Amino acid sequence: MERYARSSAVAVIRLRNPPVNALSVEVLQALEDGLKKAEADPSVKAIMICGENGKFSAGADIRGFSTPKRHRVALGPIVSLIESSEKPVVAAIEGIALGGGLEVALGCHYRLAHVKAQMGLPEVTIGLLPGAEGTQRLPRLIGVPAALDMITTGKHIPATEALKLGLVDEIVEENTIEAAIRLANKVIGQPLGPRRLSLKPVPKLPNTDAFLREALAKVKKQARGFLAPELCFQAVKAATERPFAEGVRRERELFQRLLSSEQARALQYAFFAERAVSRDHLSLAPSPLPGTLLSDVYIYTGLGTMGQGIATSLVKAKIPVVALEQDLEYLNKGRKAVMGLLEREAMKMEGGAQTLDFHNPARLQFTVDFDLLSDVDLVIEAVFEDMALKKEIFHKLSKICKPGALLCTNTSALNIDEIASATSRPQQVIGTHFFSPAHVMRLLEIIYGRHTSPTAIATAMQLAKALKKVGVVVGNCFGFVGNRMMFPYVEQAVFLLEEGSRPEAVDQALEDFGFKIGPFRMSDLAGLDVGWRSRKGQGLTGPSLPAGTAARQRHGQRYSPLPDLLCERGRFGQKTGKGWYQYEKAGGRTAVPDPWLHSFLSQYRDSHGIKTRYIDQEEILERCLFSLINEGFAILAEGIASAPEHLDVIYINGYGWPKHRGGPMFYASTVGLPHVLAKLQKYSEAHPDVPKLRPSAFLKKLVAAGNPPLKEWMSYLSRQSPKL
Ligand SMILES: CCCCCCCCCCCCC[C@H](O)CC(=O)SCCNC(=O)CCNC(=O)[C@H](O)C(C)(C)COP(=O)(O)OP(=O)(O)OC[C@H]1O[C@@H](n2cnc3c(N)ncnc32)[C@H](O)[C@@H]1OP(=O)(O)O
Ligand SMILES: NC(=O)c1ccc[n+]([C@@H]2O[C@H](COP(=O)([O-])OP(=O)(O)OC[C@H]3O[C@@H](n4cnc5c(N)ncnc54)[C@H](O)[C@@H]3O)[C@@H](O)[C@H]2O)c1
């Protein structure tokens, strides 16, 4: 506790725990001590709580949830202590007030926020619920619908919205602390009863039951096996049904259930994994970084599906863009699409189109003139996935671009070294693999080649940060990390169809597991022709396939021609209205099981002498997921990625892996490596011609070492890439 000024009647309690003033056991103890001291001091007439360094608090220290001493201090009773104070307590909210931080503010009698502050109860995103009486106070303050929305989604809201909701009493543009002191002085002596949220009734709705029924249905639909949102709902519901103290008891019960859940552990692991992955590689940055990423001009080539999203993403980050296409027809098509995307993005933002200023040619220009690239600092190439074309473009870029310019390729699988070989500056060539839609998806897979410099890697990481994406640095191999792990997963999905399953059964199993979309619906969405072109390029199908090649064998391994057969029949997925499913029309979105496909599969099995069998959900999950995980172990052993956390961050942010399962490698650690190994051995014996089911040597080594925790896996490998 300190005084604002020597003779001030306002005691100041400052939450201090850099960088985000997380509420550790020590901070909580200090808060309690400060409150008691202020309460006991007759010269103190009011109290102001604020945070150090312009941040109120990011809430409870998440690391504390997994430490044994966690039960010694509780935040709820401290919030109650604040509220029951006989002296007015004012929260001065700067920067952030999240989770337990906001709950502390809810205990205060008055809340004043800086206009740029953000508030929220994001506990649900780490598998928890607000456990310091927030689920009981917030509905009393802002009503059930708004409270339910904040608590079940975990979204952060800006101060302006908080003011509209009644979450804060006042917002200020200048010095928040001084304004809070003024407010504290003003309210000295005023009655506190009406300011104590625990004493207020929950505002009534015209039809609470119907509202809650609908809200629960919505929460359940979105949660897909994720427990926290539903328990958040139950806690808020308790506020509508019970007196405050009983509601708090219910909140505590539900909080404890979540605290000990595997899902909370997975989400908290994912929270720290994401931050560690970004930190690792940013530390490679030389000081100062080359270029000032936000003010220099960036350009990219190709305004197709990916280029459109990449351009949108750059403009949104206020990075000037020059967009190049091969001819005017493509350029005009691309321009129209980008403008449409930007209009839509601007509508979601405060300030709209003016904020993005994308009609300004200094921010975004379109051209077919390659020479305009001579002065740019960074190029992102996103032309067709064709090695000859990429090499031709990189050769040209190498000649035209200024010496320091970084040359990035958005290839999804091709060899970075081969692309770099077409330039005179391979140290400045790097893969920046965006995910579709590029202005939405958070992942940026950053692939370094043999000659890529640490500066280039650090700059690409900086770019990811500027675009508010998660950059993950990986080594160069076919498909890199994400797609390479995806190949065996998709391969198993198709093999399962050959053996007797249906697309809808496979998709259902994986969607029930928590994937946003199953492999067949995904394939229909992305277009079956994309993979077909790639397989033709690899000589696996099409005219370059040697005559007499067995239909279901390539290079001595099992191969399924099913996707090729669909493409030969013009079934490219949503774009043609038919693929693994049928759609209402070409470009339709609603996948409906297709009787034609079912009978096609039967005929296919008959013609290849395959006996149809029933395949249960367990087998679908094990074969798809464990083959993907197995590839992950091979990737780690080869030094393509530096830790299992990197693979998990890639899968959560780029492939729709359910975050509450922590990513594929974390998931493997939770089911146990011996179990994964035993299943792979079983399936590999049943399918000896499928190499991707053969357990990786690294997995076997870890099992032999006694199934060590994920954090220790990498210590069982001797070789690590010098660049990771
Ligand atoms: C209370 C004592 C502990 C044990 C007692 C258990 C008994 C039960 C008590 C029940 C009480 C329940 C209280 C409450 O309801 C529960 C909670 O409050 S849970 C926490 C809720 N808060 C969040 O989820 C916020 C998470 N953080 C963020 O969203 C972001 O970090 C940010 C705050 C918006 C800042 O974003 P950025 O500026 O981008 O910065 P970084 O994300 O890179 O973060 C910087 C740095 O800070 C670390 N960090 C951030 N938040 C926390 C946190 N809440 N606890 C611990 N550490 C945090 C982050 O990891 C970074 O560090 P690095 O990983 O890089 O070392
Ligand atoms: N589509 C995806 O989901 C996805 C995801 C990640 C990565 N990628 C990769 O991104 C790249 C682009 O894929 P896409 O799906 O956007 O392709 P696309 O076919 O939609 O677009 C490619 C664009 O490149 C343009 N182009 C071709 N030659 C050019 C040249 N010489 N100069 C300038 N522009 C030229 C074409 O006109 C076209 O607009 C590929 O390497 C692909 O593998 C695609």
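Look up: the structure comes first, before these words.
Residues numbered from 1 in each chain as written. Chains lettered and ligands numbered in written order. Predicted model: local features only at pLDDT ≥ 70, side-chain atom pairs only at ≥ 80, totals over all residues. Heavy atoms only, no water.

Comments concerning the overall build of the protein chain
If you tally the helices and strands in the protein chain, you get 28 helices and 19 strands. With the C-alpha coordinates of the protein chain rotated into their principal frame, the extents come out at 95 × 60 × 55 Å. Expressed as a percentage of the 724 residues in the protein chain, the buried residues total 55%. For the protein chain, long-range pairs separated by at least 24 residues make up 73% of all intrachain contacts whose partners lie at least 6 apart in sequence. Summed over its atoms, the accessible surface of the protein chain is roughly 31,000 Å², and 54% of this surface lies on carbon and sulfur atoms. Separation between the mean location of the 89 positive side-chain charges and that of the 75 negative ones in the protein chain comes to 2 Å. (Helix = DSSP H or I, 4+ residues; strand = E, 2+ residues; numbered from the N terminus. Buried < 20%, exposed > 50% of the residue type's maximum accessible area, 1.4 Å probe, protein only. Contact = heavy atoms within 4.5 Å. Areas by Shrake-Rupley, 256 points an atom, 1.4 Å probe, with all protein chains shown as cover. Lys, Arg positive; Asp, Glu negative; His and termini not counted. Charge placed at Lys NZ, Arg CZ, Asp CG, Glu CD.)

Things to note about the site of ligand 2
Taken together, 21 residues sit near ligand 2, with Met306, Glu325, Glu385, Lys390 and Ser412 positioned nearest. Glu325 is positioned such that a nitrogen or oxygen atom in its side chain is 2.5 Å from an oxygen atom of ligand 2. A distance of 2.8 Å separates an oxygen atom of ligand 2 from a polar side-chain atom of Gln326. When ligand 2 is considered free in solution it has 830 Å² of accessible area, and contact with the protein chains removes 81% of it. Breaking the shell around ligand 2 down by element, the ones donating at least two residues are helix H12 (305-316), helix H15 (387-400) and strand E15 (429-434). It is H15 that provides the largest number of residues to the shell around ligand 2, a total of three residues. Per-class residue counts for the shell around ligand 2 are nine nonpolar, nine polar and three charged. (Near = heavy atom within 4 Å. Polar contact = N/O pair within 3.5 Å; in protein donor to acceptor, adjacent residues only side chain to side chain. Nonpolar A, V, L, I, M, F, W, Y, C, P; charged D, E, K, R; others polar.)

Brief notes about the pairing of strand E6 (residues 110-114)
Within E6, five of the five residues are buried, leaving the element largely enclosed by the surrounding structure. By the alternation rule, side chains of E6 split into Tyr110, Leu112 and His114 and Arg111 and Ala113, which are all buried. The sheet contact formed by E6 and strand E9 (residues 170-172) spans three bridges and is parallel. Across the sheet, Leu112 pairs through a bridge with Glu170, a residue of E9. (Pairing = 2+ DSSP bridges.)

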